[in-house]
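Spelled out, the chains give:
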Amino acid sequence: MKFFQAFSMALKSILQNKMRSFLTMLGIIIGVGSVTALVSVMQGTQRQVIEEYKKLGANTISVSFYEGRDISRDLREFCQSVPKLIAGVTPNTSQSMKCRYKNKNWSTTIYFGNEDFGLCQNYQLEKGRELSYSDLYNRLPVCVIGSAVRQQLFGLEDPIGKQVRVGGVSCTVVGLYKERAESKQWSQDDAVLLPQTVQRTITGSGNIESYTVKAHSSGATKAAIPLLEGFLKKQAKAEYNYNVYSSNQWAEQDNQMNGTLTLVVGGIAGISLLVGGIGIMNIMLVSVSERTREIGIRMAIGAPRRAIVAQFLIEAATISACGGILGLLVGSLGSALLSAAIFKRIDLPTLPVALGAFLFSVLLGMFFGFYPAGKASKMQPVDALRSQ
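The following paragraphs examine the structure supplied in this document. (Residues numbered from 1 in each chain as written. Predicted model: local features only at pLDDT ≥ 70, side-chain atom pairs only at ≥ 80, totals over all residues. Heavy atoms only, no water.)

## Section: the packing of aromatic side chains
What counts here: Two rings from Phe, Tyr or Trp (for Trp, the six-membered ring) form a pair when their centres are within 6.5 Å of each other. A pair whose planes differ by under 30 degrees is stacked, one over 60 is edge-to-face, and the rest are tilted. When a residue's accessible area, from a 1.4 Å probe over protein chains only, is under 20% of the maximum for its type it is buried; when over 50% it is exposed; and in between it is partly exposed. Lysine NZ or arginine CZ positioned within 6 Å of the ring centre and within 35 degrees of the ring normal marks a charge as sitting over the ring.
Scanning the model with the defined rule gives seven aromatic pairs in all. Ring centres 5.5 Å apart and planes at 50° place the aromatic pair Tyr-111 and Phe-117 in the tilted group. Looking at Tyr-111, the relative accessible area reads 22%, which means it is partly exposed. Here the aromatic residues Tyr-111, Phe-117, Tyr-123 and Tyr-177 are joined through ring pairs into a cluster of three or more. When the ring centre of Tyr-123 is taken as reference, the NZ or CZ atom of Arg-180 above it lies at 4.4 Å.

## Describing the nonpolar core
Applied cut-off: Here, the term nonpolar core denotes a set of buried Ala, Val, Leu, Ile, Met, Phe, Trp, Tyr and Cys residues that are joined through side-chain atoms within 4.5 Å.
Membership of the largest hydrophobic core comes to 29 residues, with the highest contact counts inside it found for Val-32, Leu-273, Ile-280, Met-284, Phe-312 and Ile-319. If you look at the next biggest cluster of nonpolar residues, it comprises 24 residues, including Phe-78, Val-89, Ile-208 and Ile-225.

## Examining the packing of helix α11 (residues 305-343) against helix α12 (residues 351-377)
A pair of packed helices is captured by two measures, namely the crossing angle of their axes and the spacing between those axes. Filter applied, for reference: All axes are obtained by fitting lines to C-alpha atoms, using only the stretch in contact for helices, and the reported angles, taken between N-to-C directions, cover 0 to 180 degrees. Elements are defined by DSSP. Helices are runs of H or I of four residues or more, strands are runs of E of two residues or more, and each kind is numbered from the N terminus. Geometric relationships in this document are graded by angle, where less than 35 degrees denotes roughly parallel, more than 145 denotes roughly antiparallel, 65 to 115 denotes roughly perpendicular, and other angles denote oblique. Should the near helix be turned anticlockwise from the far one by less than a right angle, the crossing is termed left-handed; should it be turned clockwise, right-handed. In what follows, residue pairs with any heavy atoms lying within 4.5 Å of each other are defined as contacts.
The N-to-C vectors of α11 and α12 enclose an angle of 150°; their axes lie 7 Å apart at closest approach. With respect to each other, α11 and α12 are oriented roughly antiparallel. Judged by the twist between their axes, the crossing of α11 over α12 is right-handed. Each of Arg-305, Ile-308, Val-309, Phe-312, Leu-313, Ala-316, Ala-317, Ser-320, Ala-321, Gly-324, Ile-325 and Leu-328 in α11 lies in contact with α12, whose residues at this interface are Ala-354, Phe-358, Ser-361, Val-362, Gly-365, Met-366, Gly-369, Phe-370, Ala-373, Ala-376 and Ser-377.

## Some words on α11
Cut-off, in case you're wondering: Multiply 1.5 Å by the residue count of a helix minus one, and that product is the helix's expected span.
Over its 39 residues, α11 runs 54 Å from end to end, which matches the ideal 57 Å to within 8%, given 1.5 Å per residue. Downstream of α11 by a residue or two, Lys-344 has a phi angle that is positive, lying close to 60°.

## Examining the sheet that holds strand β10 (residues 210-215)
Inclusion rule: At least two DSSP bridges between two strands are needed for those strands to be called paired.
Taken in spatial order, the four strands line up as β2-β10-β1-β11 in an open sheet, and their pairing is antiparallel. Both outer strands of the open sheet, β2 (86-91) and β11 (242-246), are each paired with one neighbouring strand and no more. Neighbour to neighbour, the strand axes of the sheet diverge by 15° on average, direction disregarded. In the sheet, strand β1 (residues 60-65) pairs with β10 via five bridges, with the strands oriented antiparallel. Its bridge partner lying in β10, Thr-60 is registered against Lys-214. Relative to β2, helix α3 (residues 72-80) is tilted by about 175°, and along the sheet it contacts β2 and β10.

## Overview of the side chain of Asp-189
The condition is simple: Note that His is not counted, nor are the chain ends; the positive residues are Lys and Arg, and the negative ones are Asp and Glu. In what follows, salt bridge is the name for a side-chain nitrogen of Lys or Arg lying within 4 Å of a carboxyl oxygen of Asp or Glu. Two N or O atoms form a polar contact when they lie within 3.5 Å of each other; inside protein one atom must be a possible hydrogen donor and the other a possible acceptor, and for residues adjacent in sequence the pair counts only when both atoms belong to side chains.
Locating Asp-189 in the fold gives a position in the loop between β8 (169-177) and β9 (191-195). The side chain of Asp-189 sits in the buried core without any salt bridge; Arg-180 is the nearest counter-charge, 5.5 Å away. At 2.6 Å, the side chain of Asp-189 forms a polar contact with the backbone nitrogen of Ala-181. Contact partners of Asp-189, with chain neighbours within four places excluded, come to Gly-146, Ser-147, Ala-148, Val-149, Lys-178, Glu-179, Arg-180, Ala-181, Glu-182 and Ser-183.

## Observations concerning α12
Put simply, the rule is: We define the bend at each residue as the angle formed by axes fitted to the 7 residues ending at it and the 7 residues starting at it.
Over its 27 residues, α12 runs 37 Å from end to end, which matches the ideal 39 Å to within 8%, given 1.5 Å per residue. The sharpest bend along α12 reaches about 40° and sits at Phe-370, with the proline Pro-372 one to four residues further on.

## Observations regarding the pairing of β10
Judged by how many residues are buried, β10 sits mostly within the fold: five of six residues are covered. Note that β2 and β10 share five bridges and pair antiparallel. Residue pairing in the sheet places Ile-86 in a bridge with Ala-215 of β10.

## Observations concerning the environment of Gly-323
Structurally, the position occupied by Gly-323 is in helix α11. Remark: the alpha-carbon pair of Gly-323 and Val-32, spanning 291 residues in sequence, is separated by 8.1 Å. If sequence neighbours within four positions are ignored, Gly-323 has contacts with Met-25, Ile-28 and Ile-29.

## What about the pattern of salt bridges?
Evaluated as defined, the whole model comprises nine salt bridges. Arg-76 serves as the salt-bridge partner of Glu-115, at 2.7 Å between the closest nitrogen and oxygen. Here Glu-115, found in the loop between β4 (104-113) and α4 (117-120), pairs with Arg-76, found in helix α3; they are 39 residues apart in sequence, far enough to count as distant. Using a relative accessible area of 22% as the deciding quantity, one classes Arg-76 as partly exposed. The partner of Arg-76 in a salt bridge is Asp-116, and the shortest N-O contact between them spans 3.6 Å. In this pair, Arg-76 is assigned in helix α3 and Asp-116 in the loop between β4 and α4, connecting sequence segments 40 residues apart. With relative accessibility at 15%, the residue Asp-116 sits in the buried group.

Below is the structure:
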């Protein structure tokens, strides 16, 4: 039997029993819909995590040194000795303090760093300038502020050149960073950067324990970590007095975890596909029983067994394919609604996910349709023709 003839007969059989066919497809529809929607949401979560790490700054290495002495100069010289790997390094000491402009007060995070702070922390200037070597060398009370601080203290007023008081010290605003987190309180936008050399004047302590190193690439990050560990090992009195880790490592771990969760969630949702496949096998067995005389007549006039098998396999595949298409529509709608609610954006299933779920549903239908098709092909024509 030709394929198109068998396909036409399959569609005719489906349309003659619309409600029964729809109920048979329901398991496939739910299975494909749930798989595509949930996997799409998990992929959206993975993209969200990657975006958050990018905001924090890719290829950054956090260095901690707990011996109570400033190694800023030595660490900077070491980083400058490997320019092919490391782009910059900055102290990363922070403290929550109040910032005042005229009659306005705002609690924010004060960072003490150097001219590489913006590069290392992935900040971009909106106006003004970054800190300079001269600012640090001369211990000048200047600062660069985030968009949340600008919004709370200055409103629409240009902050460049204005004086703000931090810890009782009057500081000149020389730069403004671009918005990164919708100017929310305690976000990356809620920050004030001052030279590390004025830290003792403002806080009463010059202790620096945290540094951020910026590498040129992910490969450079991996290569730089053991070099930094070797440098710190020579500086420290004990191995537990320092620590080195990269945001890339956390991102890779999160990606692996999300990938595993995606497989688990997809597998759980895929159970409904198996239930749908069993439903197809059940309805195909009913169809074989109903069409016993038809099978007998076809075999009596010379139809080979493979033609009978092909007819019922194509019918099973057609039912599952129709269910798969409807399931993709349901899954796309579910994915759009869930992503809009969770991520405030619309994510649709990717082509590999949609195509994979659809093909799996078709193959599943054929797999569960094989037993009924085999049973039909093994009938004896005489016995089949005797059936009522």
